[in-house]
Amino acid sequence: MPRLHGSKRDSRYLALTSILMLAGALAHAETIRHEGLSALQELRIAEGDRGEQHLLITDHAGALVLDTDKALPRIENAYSPHSYDGYMADLLAERQGKSTVIDLQGERHTLLSPVNKAGDYLLLTTREEGNGAYNFNLKFRYDSSAKSFDLTQILLNENDTQCDQSLLSSYAIDSKALGITSITDLDGALAFGALRALRLAHQTSSAVTAEKLMPETVASNFDAALKAYKAGNEQELKTLVGYFLAGDEDGACAPGNYVVEKYYFPQRVGWSNDLGFLFEQAGHYPEAVELLKHITRKHPDRVVAYLNLADAYWALDEREQAGEAYNQYYEKMLAAQKQSRIPPRVLERK
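The residue numbers shown here count from 1 along each chain, following its written sequence. Where totals are concerned, whole chains, interfaces and linings use all residues; where local detail is concerned, this predicted model gives features only for residues with pLDDT of at least 70, and gives and counts side-chain atom pairs only at 80 or more. Side-chain metrics rest on all non-hydrogen atoms present in the structure, leaving aside hydrogens and water.

### A short note on the state of the cysteines
When two cysteine sulfur atoms are found within 2.5 Å, that pair is recorded as a disulfide. Overall, the coordinates contain one disulfide when judged by the stated rule. Paired by a disulfide, Cys163 and Cys253 hold their sulfur atoms 1.1 Å apart. Disulfide Cys163-Cys253: torsion about the S-S bond near -45°, hence left-handed. Of this pair, Cys163 sits in the loop between β11 (148-159) and β12 (167-173) while Cys253 sits in the loop between β15 (251-252) and α4 (259-263), and the two are 90 residues apart along the sequence. Using a 1.4 Å probe on the protein chains alone, a residue whose accessible area is under 20% of its type maximum counts as buried, one over 50% counts as exposed, and one in between counts as partly exposed. A residue is classified by how much of its surface remains accessible, and Cys163, at 14% relative accessible area, is buried. Judged by its relative accessible area of 7%, Cys253 falls in the buried class. Put simply, DSSP H or I for four residues or longer makes a helix, DSSP E for two residues or longer makes a strand, and each gets a number counted from the N terminus.

Next up, the structure:
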């Protein structure tokens, strides 16, 4: 039996009542109040005399703690004279070790982020006309003693453009990458261009490091599926693993469109291997092959992944690929002097 290391699909809902759309669509100032905030009370966007947008935030005492006209610029694009790129603004009450992100569909997701501190946050979310692939979240934590909003996280969110438009991944980029420390240092227009450069660097350069954060629902569903596997509950395992599959009203998505980007975590390779194993055990062999094949390419020293991959290929009746993977597993186990631990099926199939 392969060695293990050891979400429900993210719930989707539109948060239109908790998001301020670009003020180009606002005829007057709008106010949003939020539950759960400990120090802050409300966020407003107001029009200035020169047409600029003022971002205003007050605390529970009614005192104005932020008034800036540089954070929410209207950035012209090539689509329409009345179409602008820019940011949406929101207030969040965050828990310790959890980070809320808002994706391109306006949906909220809770990510596991050990460095994230509890408190009140200002969240700026980029919006760009014609871009259905990615957006950024800038998170500023409110320091009530200093009356400041300090930049603590830059999150790059990538969406599935091939399938159901769901969130694929969220990467935490070094908060120093923009060269600012607080909202008062932010020039939204300059930052918008810098964020585009950061996204391009992330996608094209292997030297750029960013931590991929795991959605809370994915982590909890994996734990439940692993528990069902260990208990020998096959039906429960199939049900729980089914929640990892992407799809829409037109049917299931091809594994190549989302599995690696969504479930391969470079900093948690053992977790990804185990999910690939659970895919195979639940009968989702193409998903298992897609994920495990990527792991063996990126981490050739991950010996158990070759066995899991070989079993998935075998179940698909792809005997040539299975035999190759079994043989790679066999050779690596011999090199590690662990031949006594090689399952009999490997000798029969390689």
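### Description of the nonpolar core
We define the nonpolar core as a collection of buried residues of types Ala, Val, Leu, Ile, Met, Phe, Trp, Tyr and Cys that are connected through side-chain atoms lying within 4.5 Å of one another. Of all hydrophobic cores here, the largest spans 49 residues; its most connected members are Leu237, Tyr263, Trp271, Leu275, Leu278, Phe279 and Leu291. Contacts were defined at the residue level, with two residues in contact if any of their heavy atoms lie within 4.5 Å. Sequence-distant contacts of Trp271, defined by excluding residues within four places in its chain, comprise Met214, Val218, Phe222, Tyr263 and Phe265.

### Observations concerning the environment of Tyr142
Note on placement: Tyr142 falls in strand β10 (residues 134-143). Assessed through its relative accessible area of 6%, Tyr142 is described here as buried. Residues Tyr142 and Ala39, spaced 103 residues apart in sequence, show a C-alpha to C-alpha distance of 8.3 Å. When sequence neighbours within four positions are dropped, the list of residues in contact with Tyr142 reads Ala39, Leu40, Val65, Asp120, Lys147, Ser148 and Phe149.

### What to know about helix α8 (residues 319-335)
For α8, which comprises 17 residues, the first-to-last C-alpha distance of 24 Å matches the rise-based estimate of 24 Å (1.5 Å per residue) to within 8%. Of all the residues in α8, the buried ones are Ala322, Gly323, Ala325, Tyr326, Tyr329, Tyr330 and Met333. The arc enclosing the buried residues of α8, seen along the axis, measures out at 165°, which places them on a common side. The outward face of α8, more than 90 degrees from its buried face, is lined by the exposed residues Glu320, Glu324 and Ala335. Contact partners of the buried residues in α8: α7 (303-315) and α9 (344-349). Backbone geometry just after α8 places Gln337 at a positive phi near 55°. Helices are assigned an expected span. That span is 1.5 Å times one less than the residue count. Here the arc refers to the directions that run from the helix axis out to each C-beta atom.

### Observations concerning unusual backbone geometry
The phi angle at Lys147 is positive, at roughly 55°, despite the residue not being glycine. Topologically, Lys147 is positioned in the loop between β10 and β11. Phi angles above zero are rare outside glycine, and Gln337 is one such case at about 55°. The residue Gln337 is located in the loop between α8 and α9 in this model. Taking relative accessible area as the criterion, Gln337 reaches 70% and is therefore assigned exposed.

### Things to note about the packing of aromatic side chains
Two rings from Phe, Tyr or Trp (for Trp, the six-membered ring) form a pair when their centres are within 6.5 Å of each other. A pair whose planes differ by under 30 degrees is stacked, one over 60 is edge-to-face, and the rest are tilted. Here the structure, examined in full by the defined rule, presents 10 aromatic pairs. For the ring pair Tyr229 and Phe277, a centre distance of 5.1 Å and an interplane angle of 90° mean the geometry is edge-to-face. Highlighted residues: Tyr229 in helix α2 (residues 216-230) and Phe277 in helix α5 (residues 269-281), separated in sequence by 48 residues. When the centroid spacing of 6.4 Å and the interplanar angle of 80° are considered together, the rings of Phe244 and Phe279 count as edge-to-face. Residue Phe244 is located in the loop between α3 (234-242) and β14 (247-248), and its partner Phe279 is located in helix α5; the two are separated by 35 residues in the primary sequence. Among the residues examined, Phe279 registers a relative accessible area of 0% and is labelled buried. The structure contains a cluster of three or more aromatic residues connected by ring pairs, namely Phe222, Phe265 and Trp271. Sitting above the plane of the Phe265 ring, Lys212 keeps its charged end 4.6 Å from the centroid. Either the NZ atom of lysine or the CZ atom of arginine qualifies as a charge over a ring when it sits within 6 Å of the ring centre and within 35 degrees of the ring normal.

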